[in-house]
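This is what each chain is made of:
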Amino acid sequence: MATNRLRLDQLSPKRIALIKPSALGDIIHALPVLNALKEFYPKTEIIWIVQENYANLIKEHSAIQELITFDRQLFRGNPISIYRKVKAFTRQLRKYSFDLALDLQGLFRSGLITYFTGAAYRIGLSNAREGSRWFYTDILTAPPLRSEHAVDRNWRFVQALWNRERNPREPSKQYHLPVPIEQLNWARNELKALPRPVIVLSPGSRWETKRWPVPSYAELIRRMRLSCPGSVLLIGSADEAVLGEQLLNQLGNSGMNNIRNWIGKTEFTQLLALISSADMVIANDSGPLHLAVALGKPVLAPYTCTKVELHGPYGSFKTAVQTQVSCAGSYIRQCSHMSCMKDLTPDRLWPIFAEMLQQWSLNNRLL
């Protein structure tokens, strides 16, 4: 290692590669780093390297000069196919002449991409996995995984690059997630005839052990209906459509007519617009929950196999309700007994939801 290398807080890069390919919630958790980088280096070009299917989520962010997208199949196929695809991708990255590359993913694939950038300074964390640390020039000390929140873990990059003489005050952790105006107008038009408050409800999650039972969500909606007029928007991916059908069947003829089922019918920018136009969001530990936090919406979230303090809605921990079973926060994706779901009843979430509804009502009476 050359001895004339600058300290990280002395860098003045012309072009930065920010590497956070996926997934939805993880990309949201990386946004505060993006905004801090723009504050540190206002004239620097920041290029985010992201999976193609997430590009629309951040493509209009003012701090990003450009996106470099790739298909998740980049590292899949026979060896010759992989070699050709990776070679072409590397050639594309090298055209940018990156000075600095930040690997916020910390996995083998993202480590490789960090190396492919050719940046003189390639930074990752000491708790990065799958051997990705071999691809870094600079490794930041970090505690073991699952010992701090994802937002705080990412913030270690900001702390390392922060030059206190140039920027005396530490930047705040801001998201600044833009919503395309045409989609925002579409969402407002869709919601204009619905009674307020409008509640976005996302009953799905990729992990079975994160999915709070559909009957429990149905019970919350019933109680809301008795408490105040309002509407519910169901959101989620296409493979979660069955959850929406089950929820509607559970409600039956309960008098809750103001439900719109958007599960599987929106792309990312529409999802952003619907959440931005709603009054509050109820969701499992999933991408839509963290989207809502980034958009400044009140949230309510049941937590079962993940821990609120590590993956909860950042800044809204008090409205995330953790199960109290002994195996809570075990981070397992499948479970034979699912006792956490029986423990975390609607009675546990309803007082918080009722308070949120009351606060909304109070705020809107004062307008």
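Note that the coordinates shown come from a computational prediction; the quantities given were computed from them, not determined experimentally.

Student: Hey, could you run me through empty space enclosed by the protein in this one?
Tutor: One simple way to see leftover space: roll a probe sized like a water molecule over the atoms. Applying the stated criterion to the full structure yields one cavity of 30 Å³ or more. For the largest cavity, the calculated volume is near 60 Å³. Surrounding the largest cavity, Thr209, Thr304, Cys305, Cys327, Ala328, Ser330, Ile332, Cys335, His337, Met338, Ser339 and Cys340 form its lining. In the lining of the largest cavity, the residues fall into seven nonpolar, five polar and no charged.

Student: How should I be thinking about the sheet that holds strand S8 (residues 231-234) in this particular structure?
Tutor: Paired through backbone hydrogen bonds, the strands of a sheet run either parallel or antiparallel to each other. Pairing within the open sheet is parallel, and its six strands lie in the order S9-S8-S7-S10-S11-S12. The sheet is open, and its two edges are formed by strand S9 (259-261) and strand S12 (320-322), each paired on a single side. Across the sheet, the mean angle from the axis of one strand to that of its neighbour is 15 degrees, orientation sign disregarded. Two elements, strand S10 (residues 280-283) and strand S11 (residues 299-303), share two bridges in a ladder whose sense is parallel. Note that in S11 the partner of Ile282 across the bridge is Leu300. Of the strands in this sheet, strand S7 (198-202), S8, S10 and S11 are in contact with helix H7 (residues 214-227), which crosses S7 at around 175 degrees. Packing against the sheet, helix H13 (residues 346-365) makes contact with S7, S10, S11 and S12, and its axis sits at approximately 175 degrees to S11.

Student: I keep staring at the layout of surface pockets and nothing clicks. Help me out?
Tutor: Considering only enclosed or pocket space, the second largest pocket measures out at about 210 Å³ in volume. In terms of lining residues, the second largest pocket is bounded by Asp279, Met280, Pro298, Lys318, Thr319, Ile352, Glu355, Met356, Gln359, Trp360, Asn363 and Asn364. It is H13 that contributes the most residues to the lining of the second largest pocket, seven residues altogether. Here the lining of the second largest pocket is built from residues that sort into five nonpolar, four polar and three charged.

Student: Is there a simple way to explain the state of the cysteines in this structure?
Tutor: Here, the word disulfide means a covalent bond between the sulfur atoms of two cysteines. Considering all chains together, one arrives at zero disulfides under this definition. Not engaged in a disulfide, the cysteine Cys305 finds its nearest cysteine sulfur in Cys340; these two sulfurs lie 7.0 Å apart. Using a relative accessible area of 3% as the deciding quantity, one classes Cys305 as buried. Free of any disulfide, Cys340 has its nearest neighbouring cysteine sulfur in Cys327, separated by 6.2 Å. Cys340 sits in the buried class, given a relative accessible area of 9%.

Student: Before we go on, may I ask you to explain the packing of aromatic side chains in this structure?
Tutor: To describe a pair of aromatic rings, you give the distance between the ring centres and the angle between the ring planes. If you walk through the whole model with that rule in mind, you get 11 aromatic pairs. With a centroid separation of 6.3 Å and 90 degrees between ring planes, the pair formed by Tyr314 and Phe317 is classed as edge-to-face. With relative accessibility at 33%, the residue Phe317 sits in the partly exposed group. Each ring, one from Trp350 and one from Phe353, has its centre 5.7 Å from the other, and the planes form 90 degrees; the classification is edge-to-face. Pair noted here: Trp350 and Phe353 are both in helix H13, with a separation of three residues, about one helical turn. Using a relative accessible area of 17% as the deciding quantity, one classes Trp350 as buried. Under the relative-accessibility criterion, Phe353 is labelled buried at 1%. Aromatic rings pair up to connect Phe108, Tyr115, Phe116 and Phe135 into one cluster. Against the face of Tyr121 rests Arg5, its NZ or CZ located 4.0 Å from the ring centre.

Student: What is the right way to look at helix H6 (residues 181-191) in this model?
Tutor: Along an α-helix, residues three or four positions apart point the same way, because every turn accommodates 3.6 residues. Within H6, burial applies to Gln183, Leu184, Trp186, Ala187 and Leu191. Angularly, the buried residues of H6 cover 160 degrees about the axis, an arc narrow enough to put them on a single face. Looking at the buried residues of H6, the elements they touch are S7, S8 and helix H9 (268-277).

Student: Where do I start with the packing of H7 against helix H8 (residues 241-251) in this structure?
Tutor: Helix packing geometry: the angle between the two helix axes and the distance between the axes. Relative to each other, H7 and H8 sit at 50 degrees, their axes nearing to 9 Å. Taken as axis vectors, H7 and H8 run oblique relative to one another. Considering the relative orientation of H7 and H8, their crossing is right-handed. In contact with Val214, Pro215, Tyr217, Ala218, Ile221 and Arg222 of H7, H8 contributes Leu243, Gln246, Leu247, Gln250 and Leu251. A class-by-class count of the residues in the contact of H7 with H8 yields eight nonpolar, two polar and one charged.

Calculation rules
- Residues numbered from 1 in each chain as written.
- Predicted model: local features only at pLDDT ≥ 70, side-chain atom pairs only at ≥ 80, totals over all residues.
- Heavy atoms only, no water.
- 1 Å grid on protein atoms, 1.4 Å probe; cavity = no way out; pocket = protein on both sides within 12 Å on 5 of 7 lines; lining within 4 Å.
- Points joined across faces, edges and corners; volume = space filled by probe spheres on them.
- Nonpolar A, V, L, I, M, F, W, Y, C, P; charged D, E, K, R; others polar.
- Pairing = 2+ DSSP bridges.
- Helix = DSSP H or I, 4+ residues; strand = E, 2+ residues; numbered from the N terminus.
- Axes fitted to C-alpha atoms, helices over the stretch in contact; angles between N-to-C directions.
- Contact = heavy atoms within 4.5 Å.
- Disulfide = S-S within 2.5 Å.
- Buried < 20%, exposed > 50% of the residue type's maximum accessible area, 1.4 Å probe, protein only.
- Phe/Tyr/Trp six-rings, centres within 6.5 Å; stacked < 30°, edge-to-face > 60°.
- Lys NZ or Arg CZ within 6 Å of the ring centre and 35° of its normal.
- Arc of directions from axis to C-beta.
- Parallel < 35°, antiparallel > 145°, perpendicular 65-115°, else oblique.
- Left-handed = near helix turned anticlockwise from the far one by under 90°.

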